[in-house]
Every structure is written in structure tokens, then in C-alpha cells.
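Next come the chains, spelled out residue by residue.
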Amino acid sequence: MAYENFYKGADYGMEPGSDSLYTGTTMAQGALGATTGVQIANQLQDVGNFLNQGMKTIEVSTISSEVFDMIPKQHMKEMDRLSKLTNFDITLHAPIIEPSGFTQQGWNEQNREAAERQLKDVILRAHDMSPRKPMPVTIHASAIPGTERMPIDIIGKKNLTADELRIYEKEGSIPTQMIAVNQETGDLVPLRREVRHYPTSPKGKIYTPMEEIAIANRSYWDNKLSQLVFYKERGDDILTKNFPMIAAEYKSIANGEIPQNKIGEILTDNQKAAFSNVTNANIYLENTHQSLNSLFNEAYKVANGKGKEALEQASEQFKQALEEGHSNPTKYSSALQGIIRAMQHITVNGQGAGIRADIYKPVEEFAVDKASKTFGNVAYEAWKKFGNSAPIISIENPPYGTALSTADDLKKLIKKSRAEFVEKAVSKGMNEGDAKRAAESMIGATWDTSHISMMRKQGFDKRELIKEAEKIAPMVKHVHLNDNFGHSHTDLPPGMGNVPIGEIMKKLKAEGYKGKAVFEGGNFFQHFKTPPHGMLLEAMGSAIYSAQAQPSWTKVYGTMGNYSSGYGTFLPEHN
């Protein structure tokens, strides 16, 4: 195995040992690994190269669906045979597939179902690589933009609104950008914290992302309902001028007492014109009714429990009013006015009573609802087919600034995915206790240290990175052990950036984490043409010998004596 050691020289007087890769915590060599190249389908060749370097854990990494689909099924099984021959552990990074169903055109349920089918196929093929024991398969939680926050200390408490202080002061940070999703169209809308200047407040007023979502919801329903009112009023104007002239005759016509072919004989010329105008007014009212049906459907789908109850009550009142309006278009118009007014109260003014019908929703809430269904179904199908040897659905925190990139959001997604699994398994006859244990075993997190480190670009320091690790620790099944400087999505070997990897790993170990830690080194190798495994061993203080005795790779620069002194030429290479 090639090993690169940085020359220590003399310690820098102001910062002794600052050039060391050592992160301050130790991991055995067998628990450390690296990823294959993401650009090539010949993953089998890369696996062979890593085995020649002495790696005991290798992650097949195929970020592109096209590359993954180019891997022959025979290669998957050959990797399993190599694993049996050389006793190495294999894991898989699934292609980037948006699990909630978003595409560049927005969201729809068909896209989510397509993503679910694709991920089921990934898991099915992954099982060929490790058919005897569960293997972590890392799947990104999301690939769409999400909420960004900033520390309150940087913004300054004096610059916060009263609501921001009340809601976020304890958390220590506030949202500066949120993404809202229109639940009907699937469109994404960015909402930023910004100062706006209006005639009533020329010096400016701060509008927060949550206020922007509330404004967007009110505006949506106001605009839609206003359109209904506009067309209804066109019909009302016609009715006001014409219906009194034929009110008595109209009821008889509507009830069938006067046949259609006799209308011309009974009505005067003025009444005929009025009847024609009333017919046109009815067309306006019918169009209003049809549009109202569509809008009611939208509102009912997004309403909370109280909102649905209020809409159902309004519906009953509307149906009663419609019966009276059968033979009287003015009463028909009145019935429409009543349901429009009720919907206005529910959708725009009902929040004080706990009634909500939000067409716009923070993308994290929406994505958790949709992606959890995908992950729960994928996990259940894997368990049903493979039982205890099914691959582990290990959901990864994407780079910070992407939806579901924080520990809190990832925990919500995992909990709801497990709940979806349990619900499906129980509905198929599985004992609830067994279903919960299976869900906890099969669905967890891959924690990527460089992804969460990108919080630094918003002003967070290493303390926040450690807190995030502590929050997610009980759910972690796998680790991507990457370093960077927090401002761009780069991956360096541990100890080469400023991610507090040692402290993060200590938090994970404190919760009992004993899984693998994999460095995603494809880009690093591309730039430096150097296998990173030796640096990984040094950074994580791995022991040189399998008995885990000293020295470690961290201290190899200090070893002395003849290279093969007394033992023959089997000791590690030493630069």
C-alpha cells in the first residue's frame, strides 16, 4: 500500500502540530473506506484497485442513473464473490434520484411513483452485491433547494422582528430564505427575508419568509375568489335588469309547466328579450359554479382538520340553498355568494380559529410527506423480498441549503418513513412490534460531515456542526467522512479542512455508532492523482497492526530502526 506522510519538521511555535492530519479520534482500518469513481460504469475495476491498496471497506458510488444502469448485473455478483474471497465490506451510494417526485417542471404524484420504482430497482440490484447481510445503500434525502438560516448573533437581535425573537431566539438562528411549494401545481417559489419600502412605511419594514408564505396563501385565495365574484356579478347585473320582467313565467318554465315550444306564444317581445338575457346570466352563474367546484376541491385537499370540517359545513348549507335556487336564478346567485363568502372566511381569514387551507407550504414539510412515502414503500418491498438480509435504506443529508439537509429535517423524514413502513407492514398482516423493529433496523441516516459543514457559509461555526451530529446520532447507520472549508461542495480527506471530524465522530460513538466511515474521494483523486487511503488511516489514528497495537499510522513518522529489522520484509511501507 502506498502511504504519504507529511514531513513534520519543527513545530510551528505559535500553533504546534498544526500540520498533522490526526482528527483526535481513532477508528480501526477495517471500518474505514473510500468510494469508487462516479464517472465510470466499470466499478468492478475500481473495486479491484482498492483491494490492491489494502482497503477493507469500499463504497460503489454511482451518482448518475445512466452510469448505474450501465453496470452489468454480472459485475454486481462478482463484487460479492470478491467480498467473500478477500473479506472486505461493500456499500453502495445510489444514483441521485429525487425521492419526493420533483423534477425541473415541478412536482406531481406520477414523478414520485416513478422515483419509487427506480429506487426499488436500485435496492433489488444492490442485494446482489451483499446477499447474506444488510448493506447500507445511501440515498440522498433531497435534491431541491431548501431553507437557509443565519445565526442571530450575526444579524443582531435589534434587527429582528418581535415574531422572530419569540419563535427563534432559543434556537439561535433564523430562516433567511425559504422555498415554498404550490401544492396544486408543484411549482417552487423562493421567499427571502428582506426589507420592503411602501408608502405607509417609507423607511422600510422587514418581511420574514414565514410572513411571505402567509401573504402568498392569502393572495392566492383572494385572487381566485375575486375571479369568481367578478363573473358572478356580471350575471347579477343582467338578472337585476331582466329577471323581474319574467319572474312568474320563469318559475313555470323551470318547473316544466310551460313547454319550451310554447314560450314564444306566452311571452311578450320585451319578455322574450329579458328571458334571453336571463339565460345568458345563468351561463355566467353556471361557469362560476364550475370554477367554484374546482377551487373547493383545491381547498379541501390542502385544508387541515378544522379547515375540512368548515368546508363540509359550508357545503351542506350550499346544497340546501341550491334546492331553493332551482327555479329562481337570483336565489341561485345568492347560494353561490354564500359559499364564496364561506370559502373566503376559511381560506383567508380562518387562521385565528386554527383553520388552515395553505396552498403554499414550506418545501421541507411537503418533501417529508412525499419522500417518506417513497422510502417507506421501498423499504417494505425490500424487507418483503429479502427479510433480514435486505439492504439498509440509509438516507443522506444533502449539502446544506438543499431541502432536508439539517439533522432536524432528516430526523423528521426518517421517523415518517419508518411510520409509513409500519403502516404498510401492519396492513399486510405483520405484527406491529415486529414492524417497528424492522423499520428501525432498515431505515436510518448516512451522515455526511462535509455536507453539513456548508453551514459555515451562513456564518455558523464548528459548534453548530457538532450539535447537528449529536441530534442525528441515534439514527446514523453509515458515515461519509469528508472534510472541506464549508463554502463549497468539495471533499478532502479528514484533517485537510476545518470540519471538526474528531468531535463529530465522538458524538456518534457516544450513541453507540459502530458502522463504517467512507471517504468520498473521487474528486480528490482527480486533482491530486494520489490514493487517499493512507491519509485516511493517519487522520483516524488507525493501528498499523491488525492486533490494534501501537504504533498507529498517526505516529508512523516517529518510528525508528531498520525497516525489516528481525521480522522479514512484511512490515508496511514507510516513507
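Scroll up to find the structure this text is about.
Each chain carries its own residue numbering, running from 1 in the written order of its sequence. Under the rules for a predicted model, residues below a pLDDT of 70 receive no local features and side-chain atom pairs below 80 are neither given nor counted, while totals for whole chains, interfaces and linings still include all residues. Side-chain numbers come from the whole structure's heavy atoms, not from hydrogens or water.

### Regarding the overall build of the protein
Selection rule: Secondary structure elements follow DSSP: runs of H or I no shorter than four residues count as helices, runs of E no shorter than two count as strands, and numbering proceeds from the N terminus. The globule rule used for comparison is 2.2 Å times the number of residues to the exponent 0.38, while the radius of gyration itself is calculated over C-alpha atoms. Each residue is placed in one exposure class: buried if its accessible area under a 1.4 Å probe, protein chains only, is under 20% of its type's maximum, exposed if it is over 50%, and partly exposed if it falls in between. By the convention used here, residues are in contact when the closest approach between their heavy atoms is within 4.5 Å. Only four residue types enter the tally: Lys and Arg on the positive side, Asp and Glu on the negative side; His and the chain ends are excluded. By convention, the charge on Lys lies at NZ, on Arg at CZ, on Asp at CG and on Glu at CD.
When its secondary structure is counted, the protein shows 19 helices and 16 strands. The C-alpha radius of gyration of the protein comes to 32 Å, more than 25% above the 25 Å expected for a compact globule of 575 residues. For the C-alpha atoms alone, the extent of the protein along its principal axes is close to 125 × 60 × 40 Å. Here the protein, with 575 residues, has 49% of them falling under the buried criterion. Contacts in the protein between residues far apart in sequence, at least 24 positions, make up 74% of those at least 6 positions apart. Side-chain charges of the protein comprise 65 positive and 68 negative groups, with the mean position of each set lying 3 Å from the other.

### Points about the environment of I154
Within the secondary structure layout, I154 lies in helix α5 (residues 152-155). Placed 130 residues apart in sequence, I154 and G24 show a C-alpha to C-alpha distance of 30 Å. Leaving out residues up to four positions away in the same chain, I154 has contacts with Q458 and G459.

### Let's talk about the pattern of salt bridges
We apply this condition: Between Lys or Arg on one side and Asp or Glu on the other, a salt bridge is scored when a side-chain nitrogen of the former is within 4 Å of a carboxyl oxygen of the latter.
Tallied over the full model, the rule gives 31 salt bridges. Across the pair E184 and K301 runs a salt bridge whose closest N-O atoms are separated by 3.5 Å. Of this pair, E184 sits in the loop between β8 (173-182) and β9 (188-192) while K301 sits in helix α9 (residues 269-302), placing them 117 residues apart in sequence. A salt bridge links E470 to K507; the nearest nitrogen and oxygen atoms lie 3.7 Å apart. Here E470, found in helix α16 (residues 462-472), pairs with K507, found in helix α17 (residues 501-510); they are 37 residues apart in sequence, far enough to count as distant. Using a relative accessible area of 30% as the deciding quantity, one classes K507 as partly exposed. Linked by salt bridges that have partners in common, E109, R112, E116, K120 and K373 make up one network.

### Some details on the environment of E420
The residue E420 is located in helix α13 (residues 407-427) in this model. With a relative accessible area of 18%, E420 lands in the buried category. Each C-alpha atom, one on E420 and one on N484, is 35 Å from the other, the two residues being 64 residues apart in sequence. The residues contacting E420, other than those within four sequence positions of it, are S372, K373 and G376.

### Structural notes on the packing of helix α1 (residues 43-52) against helix α3 (residues 73-86)
Rule in force here: Fitted lines through C-alpha atoms give the axes, limited to the stretch in contact for helices. The angle between two N-to-C directions lies from 0 to 180 degrees. Angles are sorted into four bins: roughly parallel if under 35 degrees, roughly antiparallel if over 145, roughly perpendicular if 65 to 115, and oblique for all others. Should the near helix be turned anticlockwise from the far one by less than a right angle, the crossing is left-handed, and should it be turned clockwise, the crossing is right-handed.
Two elements in contact, α1 and α3, have axes separated by 10 Å at closest approach and are oriented at 15°. Classified by the angle between their axes, α1 and α3 sit roughly parallel to one another. Considering how the two elements wind past one another, α1 and α3 form a crossing that is right-handed. Residue-level inspection shows Q43, L44, V47 and L51 of α1 in contact with α3, the latter providing H75, E78, M79, L82 and T86.

### Description of the pairing of strand β10 (residues 194-198)
The side chains of a regular strand alternate, residue by residue, between the two faces of the sheet. Where we set the bar: If DSSP finds at least two bridges between two strands, the strands pair.
Where β10 meets strand β11 (residues 201-207), 4 bridges bridge the pair, whose relative direction is antiparallel. Its bridge partner lying in β11, Y198 is registered against S201. Between β10 and β11, which pair antiparallel and follow one another directly, the connecting turn spans 2 residues.

Shape is all these values report; function is a separate question.
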